[in-house]
Amino acid sequence: MVVTQENVAVNGSRRLSPQEIADVLRERIRGGELRAGDRLPTQAELADEFGVERGAVRQALRALQDDGLLTNVSKGSPPRIAEPPAPGHDEPQPTMVGLSPRLTAAFSAPHVRIDAACLTAESLIPALGEPLRLIHGGSLRPERIDVRILLPSRDIDLAFPVPVEGRGDDDPVHERWLAMRNAQGHVLRHNLQTLRSHGIDVRITFRALPFTPPVKLYLLNGSEALMAYYMVTRREESTDTGTLDMYDVLGTESLLFSFEKAAGQRDAAFVEESQKWFDALWETITTDLTLS
């Protein structure tokens, strides 16, 4: 194995974390040093290169597999670099898995435009972690970022989440959702506004929907639409005041379907109509939303 300057750095006295190992391998894949179909070195060889235990290497490889960059991580032989998916024909993945790489790709544009209609920002916050990390690290440098978020109004009777026994004068399920909506909105705004320290023009705006969205929709740079259904299920959650028995949705597990303008007429029409739908809501029946 050729010892490069990078090898010297990672083989220094400080042991790299699994995340840092994953980052090094991720850059090799993105830079073309490792191509689709190539096998990685064995875990023993990687552990020796990075000066860590095999457990740290395994964690790094699992992280890359979760990002869709590796296949056959647990098959015994060294994993292979995954083939890139065909544009517009990605296999649907859970939102928590599929959203992050699409957002990262969107943030490579000089002017980033993200529109989202959702119940809360639960999926957006972790999915934005990778592009924000790359911007703070200097790997990505958009000039402008515009983010518009549609969330349900606090004043409506939500279709979900709701108590199984029905609403009363006191609705702890609604209060729980409202607290999540506001807290996650504040975190999302703060995380994006930190990018202003890099000289990036960042604008994030929230508006309130007068209804409960049955699906979550993400529109990326006007060229891609990602949609997932909210699947309603009965579940319980323990709180300081007791157990909440409710009909709720697990949005991070909803399968995310991708439609890209470049994939053909059908996908292009879906992206365009989805953008028109979002813009119409934004400009008509929605209202200013204050995260209190």
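Student: If you had to explain the overall build of the protein to someone new, which residues and values would you point to?
Tutor: In terms of helices and strands, the protein carries nine helices and 13 strands. With respect to the principal axes defined by its C-alpha atoms, the protein has extents near 70 × 45 × 40 Å. Across the 292 residues in the protein, those meeting the buried criterion constitute 45%. Long-range pairs, those at least 24 residues apart, make up 73% of the contacts in the protein with a sequence separation of at least 6. With the model as given, the accessible surface of the protein reaches about 15,000 Å², and the carbon-plus-sulfur share is 50%.

Student: Break down the packing of aromatic side chains for me, citing the residues and quoting the values.
Tutor: Here the structure, examined in full by the defined rule, presents three aromatic pairs. When the ring of Phe278 is compared with that of Trp282, the centres are 5.8 Å apart and the planes differ by 20°; the resulting orientation is stacked. Highlighted residues: Phe278 and Trp282, both in helix α9 (residues 265-283), separated by four residues, approximately one helical turn. The same class applies to Phe278 as to Trp282, namely buried. The cationic tip of Arg148 hangs over the ring face of Trp282; the distance from NZ or CZ to the ring centre is 5.0 Å.

Student: Account for the side chain of Glu224, with residues named and values stated.
Tutor: As for its placement among the helices and strands, Glu224 is situated in strand β9 (residues 224-229). In this structure Glu224 comes out as buried when scored by relative accessible area, which is 5%. Within the structure, the side chain of Glu224 is placed 2.7 Å from the side chain of Ser258, a separation counted as a polar contact. Beyond its immediate chain neighbours, meaning those up to four positions away, Glu224 contacts Arg102, Tyr218, Leu219, Ser258, Phe259, Glu260 and Val271.

Student: Break down the sheet that holds strand β10 (residues 232-239) for me, citing the residues and quoting the values.
Tutor: Strands sit in the order β6-β11-β10 across an open sheet of three strands; the sheet is antiparallel. Each end of this open sheet is capped by a strand with a single partner; those strands are β6 (162-163) and β10. For β6 and strand β11 (residues 242-249), the ladder comprises two bridges, and the chain directions are antiparallel. Counted as the bridge partner of Pro163 is Met246 from β11. Packing against the sheet, helix α8 (residues 172-193) makes contact with β6, β10 and β11, and its axis sits at approximately 70° to β11.

Student: Outline a nonpolar patch on the surface, supporting the account with residue identities and numerical values.
Tutor: Among the surface-exposed residues, Tyr229, Met231, Leu255 and Phe257 lie close enough to one another that they form a single nonpolar patch of about 410 Å² accessible area. Phe257 gets classed as partly exposed once you look at its relative accessible area, which sits at 33%.

Student: So what's going on with the pairing of strand β4 (residues 111-117)? Residues and values would help.
Tutor: For β4, the buried fraction is high: five of the seven residues fall into the buried class. Of the strand pairs in this sheet, β4 and strand β5 (residues 144-152) are connected by seven bridges, and their pairing is parallel. Along β5, the bridge assignment pairs His111 with Arg144.

Student: Describe the sheet that holds strand β8 (residues 215-220), naming the residues involved and giving the relevant values.
Tutor: The eight strands lie next to each other as β3-β12-β9-β8-β4-β5-β7-β13, forming an open sheet whose pairing is mixed. In this open sheet, the two edge strands, each paired with only one partner strand, are β3 (93-94) and β13 (287-288). Alignment of β5 against strand β7 (residues 201-209), held across nine bridges, turns out to be parallel. In the sheet register, Leu151 faces β7, and the bridge partner there is Ala208.

Student: Describe the environment of Arg154, and please don't skip the residues or the numbers.
Tutor: Take Arg154: it is sitting in the loop between β5 and β6. Apart from the residues lying within four places of it in its own chain, the contact partners of Arg154 are His174, Trp177, Leu178, Arg181 and Ser292.

Student: Any chance you could break down helix α5 (residues 95-106) for me, citing the residues and the numbers?
Tutor: A rise of 1.5 Å per residue sets the reference length of α5, with its 12 residues, at 16 Å; its end C-alpha atoms lie 16 Å apart and thus fit the reference within 8%. Residues of α5 that are buried: Thr95, Gly98, Leu99, Ser100, Leu103, Thr104 and Ala106.

Student: Describe in detail the nonpolar core, supporting the description with residues and values.
Tutor: By size, the foremost hydrophobic cluster in this structure holds 43 residues, and its most contacted members are Ile145, Ile149, Leu188 and Leu192. Beyond its immediate stretch of four places on either side in the chain, Ile145 contacts Phe107, Val112, Ile135, Leu195, Ile200, Asp201, Val202 and Arg203. Counting residues in each nonpolar core, the second largest holds 21 residues, with Leu16, Ala47, Ala56 and Ile81 among its members.

Procedures and definitions
Residues numbered from 1 in each chain as written. Predicted model: local features only at pLDDT ≥ 70, side-chain atom pairs only at ≥ 80, totals over all residues. Heavy atoms only, no water. Helix = DSSP H or I, 4+ residues; strand = E, 2+ residues; numbered from the N terminus. Buried < 20%, exposed > 50% of the residue type's maximum accessible area, 1.4 Å probe, protein only. Contact = heavy atoms within 4.5 Å. Areas by Shrake-Rupley, 256 points an atom, 1.4 Å probe, with all protein chains shown as cover. Phe/Tyr/Trp six-rings, centres within 6.5 Å; stacked < 30°, edge-to-face > 60°. Lys NZ or Arg CZ within 6 Å of the ring centre and 35° of its normal. Polar contact = N/O pair within 3.5 Å; in protein donor to acceptor, adjacent residues only side chain to side chain. Pairing = 2+ DSSP bridges. Axes fitted to C-alpha atoms, helices over the stretch in contact; angles between N-to-C directions. Patch = residues over 30% accessible without salt bridge, like charges linked within 9 Å, V, L, I, M, F, W, Y side chains within 5 Å. Salt bridge = Lys/Arg side-chain N within 4 Å of Asp/Glu carboxyl O. Expected span 1.5 Å × (residues − 1). Core = buried A, V, L, I, M, F, W, Y, C linked by side-chain atoms within 4.5 Å.

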